[in-house]
Amino acid sequence: MREITENYIDGQFCPSTGTENAPLFNPATEEQIGNVRLSAGRDVDTAVAAAKRAFPAFSNTSPGDRVLMLRRLAAAAADNADAIRKAIQEEYGAPAPFVDFTANHAGNAFLDMAAVLETYARTRNIGTTEVEMRPVGVAGAITPWNANVGFICSKLAVAVAAGTSIVIKPSEMSAMQTQVLAEALHGAGLPSGVFNIVNGSGADAGSALAAHPDIGKISFTGSTTTGQAVYRAAAATMKRVTLELGGKGAQIVLDDADLDVVVPNLLANGFINSGQACIAGTRILVPFRLLAEVEARLAAGLAEWPVGPAFDTASRIGPMVSRKQWDQVQSYIALGRIEGARVLVGGEGRPDGIERGWFVRPTLFTDVSNSMRIAREEIFGPVLSIIPYRDEEDAIRIANDTDYGLQNYVLGTNSDRLRRVARRLESGRVVINGAAHNPLAPFGGTKQSGVGREYGVFGLEAFLEPRALLI
Ligand code: NDP
């Protein structure tokens, strides 16, 4: 059993003053593997005070100095990639491809921001006015459990690039991953107080951070409901906010699509991170003419998506993170049947042959209408809905008929048509034909998927504000 009782504040690990613990589990076995001490408002105050002390000097460091710091952080993460991988596997249970991506992304996030900073023009002239982009103030970051290491690194990378000190409140369910990462990043030797990590529940530590008067900027990733609470809390002191929230992405299969290519893509986009992904394409929009063939091919394609524990390298879908998440996915599968959708493959319960662990059966629903709750709400598991459409206009209408707008997908063969359809989709990102992830492209959503953008120069500017000198 691992006991995590410390926070990382002012350049050192120090005991939490909290009195409650939260249990940590291995989701593949349901065994308790540790505890984390839940810090409260007092620890948040201490961490914010440390960040506030560090801010004046850090915000005036040169971009060149911060590029070197980012490279040191990247090296520290890379040197500890094996330990990070192991912690993600044990505490989160993600299959190897996701774990590898996350462990590499941790270091790459710092290198990406170093590259952005190296070419970023911080000052510009407008007539005789000199405009300088200045750090927005001490930042607070709140991260979810579904890519804890990645989110800590990407938010810290932007803060360091911008010259803002930061206090991070990660998900309490990811405390072992946070601990391994914090120990690694400590080795980068950043000035004390530049980054601080406080473990605690969202209700206590998270809300204290979102409301703290000395925080100038909140970068939050999590559910839309919690994002609304953070937005409200931040408003009291007019904090700047970046909110990366939920999604219900559509994958539009155009009628000229090559199904040999498209069907594996549909499953990969839908089952990203075992379906526990805000960017998952969970609504598969298929022309009526191709419906029967796509259904048959998707059902057959599931054979390529074995469910199993992280240590089994054949696994492509891991367990849900918690009992609560498992229950949520089960209840949506039951709801789909009640709403009149047809289970093409999968259903309630664990996959055959698996007795323990929060594993679910990858499930494909068909005969789904876009008005059903399984097509409108985030399930956050490997459960996909196939929705037929009449023509291109109908597909665009259905794709946009959602409260969310994070990431959509368009698949077909005619590049002019793909772009034409993509340009009409209301989301922060549209992926055409399985294009590769671009870590410097803006990331974020429209509508209730969030406010603002992360990554690259857009992410950097979300931590800066212009100051105009009228000369
Ligand atoms: P939650 O919104 O439940 O939690 C996210 C974080 O907010 C956690 O650290 C949580 O703390 C904290 N929190 C909870 N309540 C409050 C509060 N009142 N004030 C401040 N902080 C609070 O999301 P999940 O962790 O369940 O993550 C899944 C959700 O995140 C999904 O909806 C998913 O779509 C979204 N997400 C969005 C992404 C994006 O970039 N758009 C990326 C990844 C996920 P704790 O858990 O410790 O209690």
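Residues numbered from 1 in each chain as written. Predicted model: local features only at pLDDT ≥ 70, side-chain atom pairs only at ≥ 80, totals over all residues. Heavy atoms only, no water.

Draft legend 1. Structural detail: the packing of helix α2 (residues 63-79) against helix α5 (residues 148-162). Between α2 and α5, the shortest axis-to-axis distance is 9 Å and the interhelical angle comes to 160°. Of the possible angle classes, the one that applies to α2 and α5 is roughly antiparallel. With respect to the hand of their crossing, α2 and α5 are arranged in right-handed fashion. Each of R66, M69, L70 and L73 in α2 lies in contact with α5, whose residues at this interface are L156, A157, V160, A161 and A162. Residues belonging to the contact of α2 with α5 are distributed by class as follows: eight nonpolar, no polar and one charged. (Axes fitted to C-alpha atoms, helices over the stretch in contact; angles between N-to-C directions. Helix = DSSP H or I, 4+ residues; strand = E, 2+ residues; numbered from the N terminus. Parallel < 35°, antiparallel > 145°, perpendicular 65-115°, else oblique. Left-handed = near helix turned anticlockwise from the far one by under 90°. Contact = heavy atoms within 4.5 Å. Nonpolar A, V, L, I, M, F, W, Y, C, P; charged D, E, K, R; others polar.)

Draft legend 2. Spotlight on the pattern of salt bridges. In the structure shown here, the tally under the stated rule is 28 salt bridges. Between E348 and R337 there is a salt bridge, and its shortest N-O distance comes to 2.9 Å. A residue pair is termed long-range when its members are at least 10 positions apart, and E348 in the loop between β15 (342-347) and β16 (361-366) and R337 in helix α11 (residues 323-339) qualify at eleven residues. Looking at E348, the relative accessible area reads 31%, which means it is partly exposed. According to the relative accessible area criterion, R337 is partly exposed, its value standing at 43%. Here R390 makes a salt bridge to D394, at a shortest N to O gap of 3.6 Å. Given the relative accessible area of 62%, R390 is considered exposed. (Salt bridge = Lys/Arg side-chain N within 4 Å of Asp/Glu carboxyl O. Buried < 20%, exposed > 50% of the residue type's maximum accessible area, 1.4 Å probe, protein only.)

Draft legend 3. A look at unusual backbone geometry. One non-glycine residue, M238, adopts positive backbone phi at about 55°. Assessed through its relative accessible area of 60%, M238 is described here as exposed. One non-glycine residue with positive phi stands out, namely F380, at about 65°. When its relative accessible area of 15% is taken as the criterion, F380 is described as buried.

Draft legend 4. Region of interest: the environment of R376. Structurally, R376 can be placed in helix α12 (residues 373-376). The exposure class assigned to R376 is partly exposed, which follows from its relative accessible area of 27%. Between the C-alpha atom of R376 and that of D258, which follows or precedes it by 118 residues, the distance is 28 Å. Leaving out residues up to four positions away in the same chain, R376 has contacts with K248, N370, S371, D401, T402 and Y404.

Draft legend 5. Structural view of the nonpolar core. In terms of nonpolar packing, the biggest core is built from 58 residues, with L70, L73, F110 and L156 touching the most fellow members. At eleven residues, the largest contribution of residues to this core is made by α5. Core analysis: the next-biggest nonpolar cluster, separate from the first, contains 31 residues, L254, M320, I374 and I387 among them. (Core = buried A, V, L, I, M, F, W, Y, C linked by side-chain atoms within 4.5 Å.)

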